[in-house]
Amino acid sequence: MGKAFGVVLTIITTISVAIFVSRHWWFPEVASAHGGAMDHQFVETFVGAAIGFILAQLALAVFAWKYGEQKGDNRPIRIFPGGVKWLLVLAFVYVGSEIILLEFVGQKVWAAMYFTPPATDSLQVQVLAGQFAFYFRYPGPDGKFGPIHADKIDEASANFFGIDPSDPASKDDIVTAELAVPVNKPVELLLNSKDMDHGFYLREMRVQQDMLPGMQIPIHFTPTKIGKYDIACNQLCGLGHYNMRAFLEVMSEEDYQKWIVQQASLQ
Amino acid sequence: MSHSSGPLSATAVHDGRDLPVWGGGALPYAVPSKKLGMWLFIVSDAITFSAVIFAYGYLRLAAPAWPRPFETASIVNATVMTFVLLSSSVAMVLAVRASSLGKVSGAVGWLVATALGGVIFDILHIREWLGLIAEGVRPFSNPWGTPMFGAAFFTMTGLHMIHVTIGVVYLLIIAVGFGRRKLSAVDVEVSGLYWHFVDLVWMFIFPLVYLLSAKMA
Amino acid sequence: MESMPMEVQHHHTAPTSFIRKYVFSVDHKVIGKQYYFLAIFSVFVGMVLSWLVRIHLVWPNIHIWGLGVLSPTGAPGGVMSPDYYLSLLTVHGTLMVFFVLTTAPQAGFGNYALPIQIGAEDMAFPVLNMLSFWVTFLALCALVATLFVKDGPPISGWTAYPPLSAVGSDAGPGLGMGQNLWAVSIALFCVGSLLGALNFIVTTVDLRCKGMTLMRMPLTCWAWLITAILSLLSFAVLFAACVLLFLDRNAGTSFFLPAGLLVNGKLQNHSGGSPLLWQHLFWFFGHPEVYIAIVPGFGVISHVLSVFSRKPVLGYKVIVGCLLSIGFLSFTVWGHHMFLSGMSPYSGFLFSIPTLIITIPATIVSLLWLGTVYGGRLRFTTSMMFGLGFISVFVTGGLGGMFLAQPSLDIFLHGTYFVVGHFHMVMGVAAIFGMFAGTYFWFPKMFGRMLNEKLGKVHFWITFVGVYCIFMPMHFIGLEGMPRRYSSFVNDAMQPLMPVHTFMTIAALTTGAAQFIFFFNLFWSMYKGAKAPDNPWESTTLEWTVPSPPPFDNFGGKHPVVSYDAYEYGVTRNGKDYIMQTDPPGQPASS
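Undergrad: Mind showing me how you'd approach the domain arrangement of chain C here?
TA: The figure often quoted for interface size is the accessible area lost as the parts come together. All names here are of chain C. Domain boundaries assigned for chain C yield domain 1 (25-259 + 266-273), domain 2 (308-529) and domain 3 (532-591). The C-alpha centroid of domain 3 is placed 37 Å from the C-alpha centroid of domain 1. Each partner contributes residues to the interface: domain 1 has 22 residues there, and domain 3 has 20 residues. Between domain 1 and domain 3, roughly 1500 Å² of surface is buried when both sides are summed, and carbon and sulfur atoms account for 58% of that area. Inspection of the domain 1/domain 3 interface yields 1 salt bridge. Notably, a salt bridge pairs Asp565 with Arg216, separated by 3.8 Å at the nearest N-O pair. Counting every contact that joins domain 1 to domain 3 gives 12 residue pairs in polar contact (both at pLDDT 80 or more). Among the elements that take part in the side of domain 1 that touches domain 3, helix α5 (residues 103-117) stands out by supplying 4 residues, more than any other. Grouping the amino acids of the side of domain 1 that touches domain 3 by side-chain chemistry returns 11 nonpolar, 5 polar and 6 charged.

Undergrad: Looking at this model, I keep getting lost on the pairing of strand β5 (residues 187-193) of chain A. Mind explaining?
TA: Within a regular beta strand, the side chains point alternately toward one face of the sheet and then the other, so they alternate between its two faces. Residues and elements named next belong to chain A. Among the 7 residues that make up β5, 7 are buried, leaving the element largely enclosed by the rest of the structure. Sheet analysis places strand β1 (residues 123-130) next to β5, joined by 7 bridges and oriented parallel. If you follow Val127 over to β5, its bridge partner there is Leu191.

Undergrad: Is there a simple way to think about the interface of chain C and chain A in this case?
TA: If you look at the interface, chain C gives 106 residues, while chain A gives 96 residues. Summed over both partners, the interface of chain C with chain A buries about 8800 Å², with 72% contributed by carbon and sulfur atoms. Taken together, the connections running from chain C to chain A amount to 3 salt bridges. For Arg377 of chain C, the salt bridge is made with Glu69 of chain A, and the minimal N-O distance between the two is 3.3 Å. Scanning the region where chain C abuts chain A turns up 32 residue pairs in polar contact (both at pLDDT 80 or more). Looking at side-chain class alone, the side of chain C that touches chain A contains 65 nonpolar, 30 polar and 11 charged residues.

Undergrad: Looking at this structure, I do not really get the side chain of Asn199 of chain C. What am I missing?
TA: Residue and element names in this part refer to chain C. In this fold, Asn199 is placed in helix α7 (residues 177-206). For Asn199, the side chain forms a polar contact with the main-chain oxygen of Phe125, separated by 2.9 Å. Not counting residues within four places of it along the chain, the set of residues in contact with Asn199 comprises Met123, Ala124, Phe125, Leu128 and Asn129.

Undergrad: Even after reading the chapter, I still don't get the side chain of Asp197 of chain A, so can you show me in this structure?
TA: Structurally, Asp197 of chain A can be placed in the loop between β5 and β6 (198-202). Here the side chain of Asp197 of chain A touches Gln279 of chain C through a polar contact of 3.1 Å, side chain to side chain.

Undergrad: Explain α5 of chain C to me, please; I cannot follow it from the model alone.
TA: Residues three or four positions apart in an α-helix share a direction because the helix packs 3.6 residues into each turn. Residue and element names in this part refer to chain C. Its maximal kink placed at Gly110, α5 deviates by approximately 55°. Within α5, 15 of the 15 residues are buried, leaving the element largely enclosed by the surrounding structure. Trailing α5 by a residue or two, Gly119 shows a phi angle of about 80°, which is positive.

Undergrad: Help me understand a nonpolar patch on the surface, please; the structure alone is not making it clear to me.
TA: All names here are of chain A. Together, Val7, Ile11, Ile15 and Trp65 give the surface a local cluster of nonpolar side chains, amounting to about 370 Å² of exposed area. If one sorts the elements of the nonpolar patch by residue count, helix α1 (residues 2-22) sits on top with 3 residues. Note on placement: Val7 falls in helix α1.

Undergrad: Where do I start with the pattern of salt bridges in this structure?
TA: Pairs can form between side chains of opposite charge once their charged atoms are near each other. Tallying each qualifying case throughout the model produces 20 salt bridges over all chains. Across the salt bridge formed by Arg245 of chain A and Asp492 of chain C, the nearest N and O atoms sit 2.6 Å from each other. Linking Arg245 of chain A in strand β10 (residues 245-251) with Asp492 of chain C in the loop between α16 (453-479) and α17 (498-528), this pair reaches from one chain into another. Across this residue pair, the class does not change: Arg245 of chain A and Asp492 of chain C are buried. Residues joined by salt bridges that share partners form a network here, namely Glu69 of chain A together with Arg310, Arg377, Arg379, Glu538 and Asp577 of chain C.

Undergrad: Mind showing me how you'd approach the packing of helix α4 (residues 82-101) of chain C against α7 of chain C here?
TA: All names here are of chain C. Packing of α4 against α7 leaves a shortest axis separation of 12 Å and a crossing angle of 5°. Between α4 and α7, the interaxial angle falls into the category roughly parallel. Counted together, Thr90, Thr94, Phe98 and Phe99 of α4 and Trp182, Ser185, Ile186 and Phe189 of α7 form the full contact between these two elements.

Undergrad: Help me out: how do you make sense of the environment of Arg379 of chain C in this one?
TA: With respect to the helices, strands and loops of the structure, Arg379 of chain C is situated in the loop between α12 (359-373) and α13 (382-404). In this view, Arg379 of chain C contacts Glu69 of chain A together with Phe308, Arg310, Met384, Trp537, Glu538 and Asp577 of chain C; residues no more than four positions away in its chain are not counted. Only 2.9 Å separates the side chain of Arg379 of chain C from the side chain of Glu538 of chain C, close enough to count as a polar contact.

Undergrad: How should the environment of Lys3 of chain A be read in this particular structure?
TA: Residues and elements named next belong to chain A. For Lys3, the position within the fold is in helix α1. By relative accessible area, which is 42% here, Lys3 ends up partly exposed. Remark: the alpha-carbon pair of Lys3 and Ala61, spanning 58 residues in sequence, is separated by 8.0 Å. Dropping the residues within four chain positions of it, Lys3 is found in contact with Ala64 and Trp65.

Undergrad: Whenever I open this one, the pairing of β1 of chain A confuses me. Can you help?
TA: Residue and element names in this part refer to chain A. Buried residues dominate β1, accounting for 7 of its 8 residues. Both β1 and strand β2 (residues 133-138) contribute to a ladder of 5 bridges, which runs antiparallel. Across the sheet, the residue bridging to Gln126 is Arg137, located in β2. Counted between consecutive antiparallel strands, the loop separating β1 from β2 contains 2 residues.

Calculation rules
Residues numbered from 1 in each chain as written. Chains lettered and ligands numbered in written order. Predicted model: local features only at pLDDT ≥ 70, side-chain atom pairs only at ≥ 80, totals over all residues. Heavy atoms only, no water. Domains from an automatic or database assignment. Contact = heavy atoms within 4.5 Å. Buried area = accessible area lost by both parts, 1.4 Å probe. Salt bridge = Lys/Arg side-chain N within 4 Å of Asp/Glu carboxyl O. Polar contact = N/O pair within 3.5 Å; in protein donor to acceptor, adjacent residues only side chain to side chain. Helix = DSSP H or I, 4+ residues; strand = E, 2+ residues; numbered from the N terminus. Nonpolar A, V, L, I, M, F, W, Y, C, P; charged D, E, K, R; others polar. Buried < 20%, exposed > 50% of the residue type's maximum accessible area, 1.4 Å probe, protein only. Pairing = 2+ DSSP bridges. Bend = angle between axes of the 7 residues up to and from the residue. Patch = residues over 30% accessible without salt bridge, like charges linked within 9 Å, V, L, I, M, F, W, Y side chains within 5 Å. Areas by Shrake-Rupley, 256 points an atom, 1.4 Å probe, with all protein chains shown as cover. Axes fitted to C-alpha atoms, helices over the stretch in contact; angles between N-to-C directions. Parallel < 35°, antiparallel > 145°, perpendicular 65-115°, else oblique.

Encoded structure:
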């Protein structure tokens, strides 16, 4: 029975590691400036975790294979060489080095996204999530958003942001159902929710942030690849949660200018 | 305790060394089970109160403005309530002392006095609740500002009032049981722990709810 | 308040009526079994629910017999709707976390074995113990009732984040009556757990028999003691949170609800609260809860590995120290559930430090288990197989935590199937393996008969391979960024990954089916199994010195005296390779 356990465990370990290493299922291709650093961080963590995984599982497999009791077995038990001491040292060295490596060296991505302010020339877009759609608002030429008035939100007349029509700051705001940004230009998103906790998940940009009602949460990133990407809601928000998505379109600067003019004309 | 041998009475052999062994039963911590149980209950209940107080602090700090409606009359009323509760704690101390000296009627008398303090506290408190309700304070609204004022006020003082009321019933049960000599002095002491704890909680609620919301002159 | 339950009932006589003996019993052994069967019922229902949600993910249009009768609105004609998927997911999570993982290892096995292992006749407060069980039973009734009320169970998940859980039925199905019942159920569960925890601590401190010093207690007792402390401190907070949630829902307060909520076109009459507050309170409970589920497993596994390796457990004192430090650290890490919640990113960074540090004691314990197995004379009973399996799944699941502990990586992995795979492996499967190991180990003592080992081995192999097939692929699709709690991926960028889901569903159905072998074994052996001797596993601790099953007062009026540590294996004495804890002091133990 112990031998069988050793064999099965070795097979499980091999297959698990092989699938990870083959990268058959892996992150979608990076399309943002900071994304590469995150993938790098993942690979570093993976190497550390894989060493621990393989050593622990194989040690377990070998011990189970080797130390099964036979009939009439009278061999004396053997205490682990060095007793507890070396295992303690191993644990502290292995986990300790991981902590130092991951925690203090590896948090650049987090710091870049959340500790540093967005570039001053960032394109600001406001996002409003509600059951079960995202809407986006561009400030227009004046660079200002009028406030959101919850009581003025009216889907029927397409006033998704609760804009007060008499407010001069809101006059030139452009509201869209799709997020479009020019490539290689920093973007700052101001995330709002009008009802539930929602999530804002942009896989290729390596961006994710919960959206809470009552708070405006800023995040920033720089897209580097032209293309159309999924924006998924990733915080349970109700029965249509699985269907709540929007798209991010990263365009060339010229295409973006054309697009925004066209959107402005639709307001 | 059913096992009554002295401490460190047996000797066990381990690894060739003779080790003194604790004799079992009540030692080494010498805390009667009921008392320890009540202490643990108090720890856990204190954490429940702390969570509610944390919620209050969290929301109060986040609020742009928090009402400060309590006039001098309210503060005086709350001070009287505090005084009544503190006096009842003194009565409780005397009840515990009497019970440990075996003075049954004295202990029962002081227990009833303690419970009476609790009843007076409750009456004063309910009177104040009714007054505030008459002024239009509700868990979801009040005349002065953020509706969370009423929510926090009623939740915190209500939770405390439930504790006082339970305490009154508890003390009376103990008084009857001790009077009939069915319960021991330890039971009185344990009920005392609970009562002092309820008092102590009020010592947090009084400044946090009342004094911090007193009307500024 | 009737505080009489706090009576220490020594030398109580065995009850004779059926009700006092089996229903409202104050005997810790009966209460332990009651908790155990409550958990068995819950795990059965929870497992069937997990089948239903997995089936719906993969075959959304399938007709499920009987489901249309249970919920004509949620599953008209037996075809599950997307919202019913979320309803069942909520009940699955709540049942499993509270009524299985919190109940069976701690309240079930703990109640049964703790007093016997420390040489006591019963728990310190037997009547309070009975109350704890019946309050927990009521909590279960309230939760199961959600399945039968109009609109069904809440769709807000087991974490019940507001505003979804707090604004009422405007927000979706099940958020009216169902969510109220959920809050009542959890509040009751907190009360039951608090009373139980208090009882465990007092019992361990006060009722140990002569010679049973703290450092001679079996590691199981240490684990139950530390878990009880965690329960005492953390359930108190969840209780407060549930009260506030209930007030928000029914008294119009706004603890968790900010101003300007526009739900379903209706402006809500709430303002001044914060949904983040719930997350703080919930996870302050929620992270210790993970250890409440797994620490009793640590105890059982340390115990079982030592018995069946015929070796003293390696580093007894170190394990005790690790359990204590895990318990302490578990109160400092709750923020790692909230990295992306909108809380200050600086706190996110700070919370990740204790989160990584807590892996040190967990790693040490795992290494010590390996060191215990090393060089032993392993007896591959079913209990031992689950013990070995526990190490494997715990290591696998735990390493996933290395990724999730880092806010940098959480930006991608948060809310994906990587998280689902991680916590199922490390908290669900590992804790359940601990329960299986405990069941196969203590069943002879509890019921006086042996479980069938052949069926047990079949059960083990399918389960062990099965859980890897279910939960390992979740990590892979998590890397692709597949969000959890989606009832469908039609028209979604994730649609191409559906074959992986099909594979996992088939694995889940198979592994689930294998549990029927276990259920059959359990109930068949209870009546037809081979008679169990007093000490079938040649184990050293006190429960094996008494008959199987033990008499009403455990030790038949005798008072055991302990002279030895809990794990004296691998010695030679009177032709045996172990020394019972109660053996008379004599020749030193030699190994």
